[in-house]
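Residue-level listing of the chains:
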Amino acid sequence: MSTPQPTFISYGPPVSLDIARRVAAAAEAEARANGWPMVIAVMDSAANLVVLHKMDHAQTGSVEIAQAKARSTVRFKRPTRVFEEALAAGGLNLRLLATEGACPLEGGLPLMHEGCLVGAIGVSGMQSTQDAQVAAAGAEAL
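In this report, the structure presented in the accompanying data block is examined.

The rules we used
Residues numbered from 1 in each chain as written. Predicted model: local features only at pLDDT ≥ 70, side-chain atom pairs only at ≥ 80, totals over all residues. Heavy atoms only, no water. Core = buried A, V, L, I, M, F, W, Y, C linked by side-chain atoms within 4.5 Å. Buried < 20%, exposed > 50% of the residue type's maximum accessible area, 1.4 Å probe, protein only. Helix = DSSP H or I, 4+ residues; strand = E, 2+ residues; numbered from the N terminus. Contact = heavy atoms within 4.5 Å. Phe/Tyr/Trp six-rings, centres within 6.5 Å; stacked < 30°, edge-to-face > 60°. Pairing = 2+ DSSP bridges.

### Notes on the nonpolar core
Step number 1: If you look at the biggest cluster of nonpolar residues, it comprises 18 residues, and the most contacted ones within it are M38, I40, V42, L111, I121, V123 and V134.
Step number 2: Only α1 (17–34), β2 (39–44), β5 (116–124) and α4 (128–140) provide two or more residues apiece to this core.
Step number 3: Considering each element in turn, this core owes the most residues, five residues, to α1.
Step number 4: When sequence neighbours within four positions are dropped, the list of residues in contact with V42 reads V15, A20, V23, A24, N48, L49, V50, V51, L111, A120 and I121.

The following block contains the structure:
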């Protein structure tokens, strides 16, 4: 019997400004539909900021948090929800607190194209589950 091999995610070419704008627009539409003032950050596959969109009345603290969620997603190739759940489980998972740049707040999602990570979206402004809902709407626009 063969051992299953882990799936590796490769970085792809960086998301373009055009696509990043489309992702942010879809996320904004979801936020507006729910009356949620949000900050939306879209980063490329090298964790460089491509689009930062702060809706009217969004809390200013969310500007940094949205970017941290997107950056964490790119650097660790996974949604930030993974880190949030690990910390919530406690125990040995608390070692995660020593992992520089890992944002343990749901709302960061990878942007995938042809199996490669081409960027990430990070959303902040409401509860983390709501941030994730808005991020998912943006990621689906890709």
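Following the structure, the description resumes.
### Looking at the packing of aromatic side chains
Think of a pair of aromatic rings as described by two things: how far the centres are apart, and how the planes are tilted against each other in angle.
Step number 1: Under the definition given, this model contains one aromatic pair.
Step number 2: Aromatic pair F76 and F83: ring centres 5.5 Å apart, planes at 80 degrees, arrangement edge-to-face.
Step number 3: By relative accessible area, F83 is classed as buried at 7%.

### Some details on the pairing of β2
Step number 1: The element β2 is extensively covered by neighbouring structure, given that six of its six residues are classed as buried.
Step number 2: Of the two faces of β2, the one carrying V39, A41 and M43 and the one carrying I40, V42 and D44 are both buried.
Step number 3: By the bridge criterion, five bridges tie β2 to strand β3 (residues 49–54) in an arrangement that is antiparallel. Residue pairing across strands places V42 opposite V51, the latter belonging to β3.
Step number 4: What sits between the antiparallel neighbours β2 and β3 is a turn of four residues, in which A47 has the positive phi angle 65 degrees.
Step number 5: Sheet analysis places β2 next to β5, joined by six bridges and oriented antiparallel. Across the sheet, residue M43 finds its bridge partner in β5, namely A120.

Everything listed is a geometric property; what it means functionally is a separate question.
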